[in-house]
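Residues per chain, in single letters:
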Amino acid sequence: MNSKSDYIAVFDSGVGGISVLRQLRAQMPKERFLYYGDSANAPYGTRTAQQIRQLVMAVSADLMDRGCKALVVACNTATAAAIDLLRQTWPDRIIVGIEPALKPAAEHFPGGCVGVLATPVTLREEKFQHLMQLCQGKCQIIQIPAPGLVELVEQGKAVSPDAEELLRPLLEPLKGKLQALVLGCTHYPFAARSIRAILGDSVALLDGGEGTARETRRRLEQAGLLWDGPGEIRFESSLPGDGILSLSRSLLEQE
Ligand code: DGL
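Bear in mind the structure is a predicted one, so any value in this text is a computation, not a measurement.

A. Structural detail: the sheet that holds strand β2 (residues 32-37). The strand order across the open sheet formed by 5 strands is β4-β3-β1-β2-β9, and the pairing between neighbours is parallel. The sheet is open, and its two borders are formed by β4 (94-96) and β9 (232-237), each paired with just one other strand. On average, each strand axis in the sheet is tilted by 20° relative to the strand beside it, whichever way the strands run. Pairing between strand β1 (residues 7-12) and β2: 6 bridges, direction parallel. Within the sheet, the bridge partner assigned to Phe 11 lies in β2 and is Tyr 36. Contacts between helix α2 (residues 49-65) and the sheet are confined to β1, β2, β3 (70-73) and β4, with β1 contributing the most and set at about 170° to the helix. Contacts from helix α3 (residues 76-89) reach β3 and β4 within the one sheet, and its direction differs from that of β4 by about 165°.

B. Examining the sheet that holds strand β8 (residues 204-206) more closely. Pairing within the open sheet is parallel, and its 4 strands lie in the order β6-β5-β7-β8. If you trace the sheet from one side to the other, it starts and ends with β6 (140-145) and β8, each paired once. Strand-to-strand, the axes of this sheet are offset by a mean angle of 20°, without reference to chain direction. In terms of strand pairing, strand β7 (residues 180-183) meets β8 through 3 bridges, oriented parallel. Bridge pairing in β8 links Val 182 to Leu 206. On the sheet, helix α8 (residues 161-171) packs against β5 (113-118), β6 and β7 and is oriented at approximately 145° with respect to β6.

C. Spotlight on the packing of helix α1 (residues 18-27) against helix α10 (residues 209-222). Look at α1 against α10: their axes get within 8 Å of each other, and the N-to-C directions meet at 45°. In terms of orientation, α1 lies oblique with respect to α10. α10 is crossed by α1, and the crossing has right-handed handedness. In contact with Val 20, Gln 23, Leu 24 and Gln 27 of α1, α10 contributes Gly 209, Glu 210, Thr 212, Ala 213, Arg 214, Thr 216 and Arg 217. When the residues that make up the contact of α1 with α10 are grouped by side-chain class, the tally is 3 nonpolar, 5 polar and 3 charged.

D. How the structure looks around the site of the ligand. Around the ligand, a shell composed of 13 residues is seen, among which Ser 13, Tyr 44, Gly 45, Thr 77 and Thr 186 lie nearest. The separation between an oxygen atom of the ligand and a polar main-chain atom of Gly 45 is 2.7 Å. A distance of 2.8 Å separates a nitrogen atom of the ligand from a polar side-chain atom of His 187. Residue composition of the shell around the ligand, grouped by class: 5 nonpolar, 7 polar and 1 charged.

E. Structural view of the nonpolar core. Ranked by size, the top nonpolar core spans 49 residues in total, and within it Val 10, Leu 117, Leu 171 and Leu 181 carry the most contacts. Not counting residues within four places of it along the chain, the set of residues in contact with Val 10 comprises Gly 17, Leu 21, Leu 24, Phe 33, Leu 34, Tyr 35, Tyr 36, Val 72 and Ala 74. Core analysis: the next-biggest nonpolar cluster, separate from the first, contains 26 residues, Leu 34, Ile 52, Cys 68 and Ile 95 among them.

F. Structural context of the environment of Asp 228. Considering the arrangement of structural elements, one finds Asp 228 in the loop between α10 and β9. For the pair Asp 228 and Gln 136, spaced 92 residues apart in the sequence, the C-alpha separation amounts to 42 Å. Among the polar contacts made by the side chain of Asp 228, one reaches the side chain of Lys 30 at a distance of 3.3 Å.

Cut-offs used in this document
- Residues numbered from 1 in each chain as written.
- Predicted model: local features only at pLDDT ≥ 70, side-chain atom pairs only at ≥ 80, totals over all residues.
- Heavy atoms only, no water.
- Pairing = 2+ DSSP bridges.
- Helix = DSSP H or I, 4+ residues; strand = E, 2+ residues; numbered from the N terminus.
- Axes fitted to C-alpha atoms, helices over the stretch in contact; angles between N-to-C directions.
- Contact = heavy atoms within 4.5 Å.
- Parallel < 35°, antiparallel > 145°, perpendicular 65-115°, else oblique.
- Left-handed = near helix turned anticlockwise from the far one by under 90°.
- Nonpolar A, V, L, I, M, F, W, Y, C, P; charged D, E, K, R; others polar.
- Near = heavy atom within 4 Å.
- Polar contact = N/O pair within 3.5 Å; in protein donor to acceptor, adjacent residues only side chain to side chain.
- Core = buried A, V, L, I, M, F, W, Y, C linked by side-chain atoms within 4.5 Å.
- Buried < 20%, exposed > 50% of the residue type's maximum accessible area, 1.4 Å probe, protein only.

Interpretation note: all reported values are geometric properties and have no functional meaning in isolation.
Structure representation (structure tokens):
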């Protein structure tokens with residue numbers, strides 16, 4: 001199969017979804033990916049759900065019209081606000097979202113204390129509240145909104161004194177208490193070193209990227225749509241200029 005619909009579209013409010021793209025590439029190195037970052041409109045996580053739905057629908061309509069074989073919404077915030085609408089609009093297309101990895105955290109740390117670092121919208125939306133209800137009896141859950149961190153990652157400052165300064169008041173009081181921290185925003189894995197500088201190495205950091213990649217692979221396999229190479233990754237951004245594209249490429253290759 002070699003048509004214009006051979007590629008998988010991966011979409012985020014900005015460069016954060018590249019943490020998911022890394023997992024997708026690791027699990028499907030022969031696939032062709034188009035990564036679209038809506039960096040001109042980032043952050044999504046402090047907007048209203050209605051605004052987010054409008055932005056997500058506009059980008060997704062374009063990616064669908066261009067014939068992607070699957071759409072990966074590599075953004076917890078966009079998934080929380082818009083995944084139901086996306087699935088209603090394109091019921092026959094493969095659409096995979098991401099949610100904070102609270103379920104695996106609750107399973108691995110029964111009776112423990114788990115923090116969820118995410119955008120204010122993700123924590124507020126019904127999807128996350130439902131997830132909380134499912135996991136609440138299994139462990140203690142602490143919600144930690146982190147407005148401002150997405151902007152730093154977009155500026156290439158995920159690991160920086162600024163990131164540590166933003167995170168310290170949020171995380172330091174939880175040091176010694178948390179067994180695990182769920183990184184419930186796809187931008188945050190890039191700030192893992194800043195997080196570790198505050199919490200130390202004994203806290204488990206979990207994110208939903210690997211599960212999302214596994215689900216994407218499963219759906220494509222089921223539909224007979226896996227492609228056998230050569231693999232390719234293209235980047236596009238709503239923000240003009242080369243800066244954001246070179247940041248995207250360097251985040252993809254970052255350890
Ligand atoms: N990467 C998005 C997420 O996973 C960030 C949302 C934002 O732009 O605030 O939630």
